[in-house]
Amino acid sequence: MIIDTTEVQTINSFSTSGFFKEVYGLIWIIPILTLILEITIGVLVIVWLEREISAAIQQRIGPEYAGPLGILQAIADGTKLLLKEDLLPSRGDIRLFSVGPSIAVISVLLSYLVIPFGYRLVLADLGIGVFLWIAISSIAPIGLLMSGYGSNNKYSFSGGLRAAAQSISYEIPLTLCVLSISLLDIVEAQSKYGFWGWNLWRQPIGFLVFLISSLAECERLPFDLPEAEEELVAGYQTEYSGIKYALFYLASYLNLLVSSLFVTVLYLGGWNFSIPYIPIPELFRINQMAGIFGMTIDIFITLAKAYLFLFISITTRWTLPRMRIDQLLNLGWKFLLPISLGNLLLTTSSQLVSL
Amino acid sequence: MTVPVTRKDLMIVNMGPHHPSMHGVLRLILTLDGEDVIDCEPILGYLHRGMEKIAENRTILQYLPYVTRWDYLATMFTEAITVNAPEKLENVQVPQRASYIRVIMLELSRIASHLLWLGPFMADIGAQTPFFYIFRERELIYNLFEAATGMRMMHNYFRIGGVAADLPYGWIEKCFDFCDYFLTGVVEYQKLITRNPIFLERVEGVGIIGGEEAVNWGLSGPMLRASGIQWDLRKVDNYECYNEFDWEIQWQKEGDSLARYLVRIGEMKESIKMIQQALEGIPGGPYENLEVRRFDRAKNSEWNDFAYRFKSKKPSPNFELSKQELYARVEAPKGELGIYLIGDNSVFPWRWKIRPPGFINLQILPELVKRMKLADIMTILGSIDIIMGEVDR
């Protein structure tokens, strides 16, 4: 994490004493742990939100026994899955079977490195930025294929193949949308005009394509054929139990969280408050560069926008039916790909014209 | 090491009797070529309970609780056919009021059956929310049934010559309220489902049956009417008092799953119309033809002897079926439900053959799924609307 110079000096003053020298060496681990804690709590919140929102749509109440308002339901589910027996298929490929879910989770967790939560609040300020996410998320289909093949089950294999095909075909429109965004200066430019400066308005087609592609990457309805219950009995996840199943579950929600964070940063204005004509930003702008309060507000705003996108994605999941695999692939290759190419073309030509 | 030669074999997958799809215990053995289905073989019999054999040892009154277990979602129809067959055999008159009550119950049961077809159909396609909405409406129908018959689902309500009990006071007003509410519910489904592009893509053009093909396979019910043939037993046979109401046959021309969906939604709306007309025009009078219950009791009857007192399964004087045979049918929500009854001059029938609509309609499944994708099997199976209780009996 890039720390401000005043804070570096204060920390350097610690290094004079011998005991703190070792601690100072390890100080890089604190931001990583903070982020991991934040992500874990984020997943718990998403699970709770999904159950409450789906219950509201279906006219029933969600969980209410595990903790007040059912907040601890996700922890209860996780604990139960931890305590279950870890089954291994007798004639499947045990190594592939065990490693598969881990690869899916690791690739998603690595994508959190490049998300900015505030002004210069990134874990790794790389030059390639968002393309790290796209590159690493391409590793996830390998994990799914390994799980599907190692299960020694025709259904799982079929589901794994479908999942891999789906992931691959929706990466390209995703990449092209992000390419056209990266031509514009991402969060700084969005702050110039407040609400109307969001990239959402400058790239509406790109926003819609990104939305659909990220839903398809996360394998959420309307694109969840690999895990369709009726046809494939949970697809590549069929033979899993216990903690490995929990890892798939976790990977799904982590993926969703990372996609929604990227949508906020790229399209919804990042950490800027962005609502014009309210004197509060002026008040905060004084505190902006000076201290933790400003940073907390920035993080809070980013998370609030991310959860707005999550609400949309959860509502979509419980409203729309599922698409068939060939219709899904048609949508990806024959519809979204030309549109995103056209979007890129429009963006580049407008950049050239306006210079 | 030699490179293994890849063989092009077809994959045989078993969608076993247990599966999360909500179709009961049906086993399908599919032959797949990747995603395309080459062949499908349904294996039945997992719910066979010997209903026809049991009927040979029960009187009609004793058999009535069994019949609701054939099609457990449209229970009034099974009871109606069980009672209609002996009525036709012995030429028993049914009072007007009983006939109207029967029609109201039958149409409510038709709505309930179509609702519980819609929920699993949408759940198979992927939208899990309508499943909860249909149960909201079905609970209202259950409440109406419970007030009139005493049971929510397996009512033992129909009797030879009428119904078991009259409608309670205030039931008709409640039924009117339900009809008004349900019409708004159907509009909600139309808005959510019928114009949804993803739903249309999944359902349009899937599982097309031509008109002649439907007649050749012996299909009935909404499957026949969705292929362009306007055949509804309520208009053809004119049983109960259906000819006193003003209603249209719902039919479509294309014969795909979307047409079957539209036919069933239309039938629900027509049923509401019929119920409203029946409720407005219901006459007074008796609700059961009590002549049926009057048996010749001889003095010093053998039934009061010592030999009959302590033995079980000796039926008391009861409705006797004469030595004739006939076929009676009703328009159940799934198709034509029929009974072929051979009487034997005793209280037990000699042969009670059930013609279940689900069993006959299921025969066309292997034909329809050839060259379709794996995901279409669920759509087609759902649109045929089978229920294993009556397929296996």
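Scoring rules and cut-offs
- Residues numbered from 1 in each chain as written.
- Chains lettered and ligands numbered in written order.
- Predicted model: local features only at pLDDT ≥ 70, side-chain atom pairs only at ≥ 80, totals over all residues.
- Heavy atoms only, no water.
- UniProt positions renumbered as here; feature names shortened; annotations may be inferred.
- Helix = DSSP H or I, 4+ residues; strand = E, 2+ residues; numbered from the N terminus.
- Rg over C-alpha atoms; globule rule 2.2 N^0.38 Å.
- Buried < 20%, exposed > 50% of the residue type's maximum accessible area, 1.4 Å probe, protein only.
- Contact = heavy atoms within 4.5 Å.
- Areas by Shrake-Rupley, 256 points an atom, 1.4 Å probe, with all protein chains shown as cover.
- Lys, Arg positive; Asp, Glu negative; His and termini not counted.
- Charge placed at Lys NZ, Arg CZ, Asp CG, Glu CD.
- Expected span 1.5 Å × (residues − 1).
- Bend = angle between axes of the 7 residues up to and from the residue.
- Phe/Tyr/Trp six-rings, centres within 6.5 Å; stacked < 30°, edge-to-face > 60°.
- Buried area = accessible area lost by both parts, 1.4 Å probe.
- Salt bridge = Lys/Arg side-chain N within 4 Å of Asp/Glu carboxyl O.
- Polar contact = N/O pair within 3.5 Å; in protein donor to acceptor, adjacent residues only side chain to side chain.
- Axes fitted to C-alpha atoms, helices over the stretch in contact; angles between N-to-C directions.
- Parallel < 35°, antiparallel > 145°, perpendicular 65-115°, else oblique.
- Nonpolar A, V, L, I, M, F, W, Y, C, P; charged D, E, K, R; others polar.
- Pairing = 2+ DSSP bridges.

For chain B, an unreviewed UniProt entry supplies the name NAD(P)H dehydrogenase subunit H and the organism Rhynchospora pubera. You can read under Sequence similarities (unreviewed entry) in the UniProt record for chain B the words "Belongs to the complex I 49 kDa subunit family."

For chain A, the name recorded in an unreviewed UniProt entry is NAD(P)H dehydrogenase subunit 1, with Rhynchospora pubera as its organism. According to UniProt, the comment filed for chain A under the heading Sequence similarities (unreviewed entry) is "Belongs to the complex I subunit 1 family."

Caption draft 1: Up close: the overall build of chain B. Along the backbone of chain B there are 16 helices and eight strands. Relative to the 2.2 N^0.38 estimate, which gives 21 Å for 393 residues, the radius of gyration of chain B is 23 Å and therefore close to what a compact globule would have. Seen through its C-alpha atoms, chain B measures out along the principal axes to roughly 95 × 55 × 35 Å. When the 393 residues of chain B are sorted by exposure, 55% land in the buried category. Long-range pairs, those at least 24 residues apart, make up 70% of the contacts in chain B with a sequence separation of at least 6. Taken as a whole, chain B presents about 17200 Å² of accessible surface, with 53% of it coming from carbon and sulfur. Taking the average location of the 45 positive side-chain charges in chain B and that of its 52 negative ones, the two points are 5 Å from each other.

Caption draft 2: Structural context of helix H8 (residues 154–182) of chain A. Compared with an ideal rise of 1.5 Å per residue, which puts 29 residues at 42 Å, H8 of chain A spans 42 Å between its outermost C-alpha atoms and is within 8% of the ideal. In the structure, H8 of chain A departs most strongly from a straight axis at Glu171 of chain A, where the bend amounts to approximately 25 degrees and where the proline Pro173 of chain A lies between one and four residues downstream.

Caption draft 3: Seen up close, the environment of Gln96 of chain B. Structurally, Gln96 of chain B can be placed in helix H4 (residues 96–125). With near-sequence residues (within four places) excluded, Gln96 of chain B lies in contact with Glu244 and Pro283 of chain B.

Caption draft 4: Up close: the packing of aromatic side chains. Residues and elements named next belong to chain B. For the coordinates displayed, the defined rule picks out 20 aromatic pairs over all chains. Consider the rings of Tyr63 and Tyr66, whose centres lie 5.4 Å apart with planes at 20 degrees: the pair is stacked. With a gap of three residues between them, Tyr63 and Tyr66 both fall in helix H2 (residues 60–67), about one helical turn apart. Their ring planes at 65 degrees and their centres at 6.3 Å tell us that Tyr242 and Trp247 sit as a pair that is edge-to-face.

Caption draft 5: View of the interface of chain A and chain B. Residue-level contacts link 24 residues of chain A with 30 residues of chain B. Between chain A and chain B, roughly 2600 Å² of surface is buried when both sides are summed, and carbon and sulfur atoms account for 57% of that area. For the pair chain A and chain B, the number of links is one salt bridge. We note a salt bridge from Asp376 of chain B to Arg324 of chain A, for which the minimum N-O separation is 2.7 Å. There are seven residue pairs in polar contact (both at pLDDT 80 or more) connecting chain A and chain B. Elements with a minimum of two residues in the side of chain A that touches chain B: H8, helix H12 (229–232) and helix H16 (325–354) of chain A. Among the elements that line the side of chain A that touches chain B, the one with the most residues is H12 of chain A, at four residues.

Caption draft 6: Region of interest: the packing of helix H7 (residues 140–150) of chain A against H8 of chain A. Residues and elements named next belong to chain A. Remark: H7 packs on H8, axes separated minimally by 7 Å, with the N-to-C direction vectors making an angle of 170 degrees. If you check the angle between H7 and H8, you find them roughly antiparallel. From H7, Pro141, Leu144, Leu145, Gly148 and Tyr149 reach across to H8, where they touch Ser156, Phe157, Gly160, Leu161, Ala163, Ala164, Ser167 and Glu171. Among the residues making up the contact of H7 with H8, the classes are represented as eight nonpolar, four polar and one charged.

Caption draft 7: The arrangement of the sheet that holds strand E3 (residues 36–43) of chain B in detail. Residue and element names in this part refer to chain B. On the basis of which strands lie adjacent, the open sheet formed by three strands has the order E1-E2-E3 and antiparallel pairing. Each of the sheet's edge strands pairs with one partner strand only, and the pair in question is strand E1 (11–15) and E3. Between one strand and the next, the sheet's axes are offset by a mean angle of 20 degrees, whatever the strand orientation. Running at roughly 145 degrees to strand E2 (residues 27–33), helix H15 (residues 374–384) makes contact with E1, E2 and E3 of the sheet.

Caption draft 8: Inspection of the packing of helix H6 (residues 130–137) of chain A against H8 of chain A at higher detail. All names here are of chain A. One way to put it is that H6 packs onto H8 with a least axis distance of 10 Å and a crossing angle of 175 degrees. Between H6 and H8, the angle is such that the two are roughly antiparallel. From H6, Val130, Phe131, Trp133, Ile134 and Ser137 reach across to H8, where they touch Glu171, Leu174, Thr175, Val178, Leu179 and Ser182. Here the contact of H6 with H8 is built from residues that sort into seven nonpolar, three polar and one charged.

Caption draft 9: View of the pattern of salt bridges. Residue and element names in this part refer to chain B. Taken as a whole, this structure holds 27 salt bridges over all chains when the rule is applied. Two residues, Glu240 and Arg102, come together in a salt bridge whose shortest N-O distance is 3.2 Å. Here Arg102 lies in helix H4 and Glu240 lies in the loop between helix H10 (233–236) and helix H11 (257–281), a separation of 138 residues in the sequence. Between Arg264 and Asp385 there is a salt bridge whose closest N-O contact spans 3.8 Å. A residue pair is termed long-range when its members are at least 10 positions apart, and Arg264 in helix H11 and Asp385 in the loop between H15 and helix H16 (388–392) qualify at 121 residues. For the pair shown, Arg264 and Asp385 are each scored as buried.

Caption draft 10: Quick look at the sheet that holds strand E8 (residues 351–355) of chain B. Residues and elements named next belong to chain B. An order of E6-E7-E8 is seen for the three strands of this open sheet, with the pairing classed as antiparallel. Lying at the two open borders of the sheet, with one neighbouring strand each, are strand E6 (325–332) and E8. Going from strand to strand, the sheet's axes swing by 15 degrees on average, the running direction of each strand aside. The sheet contact formed by E6 and strand E7 (residues 335–342) spans eight bridges and is antiparallel. Bridge pairing in E7 places Ala328 opposite Ile339. Packing against the sheet, helix H3 (residues 75–90) makes contact with E6, E7 and E8, and its axis sits at approximately 150 degrees to E6.

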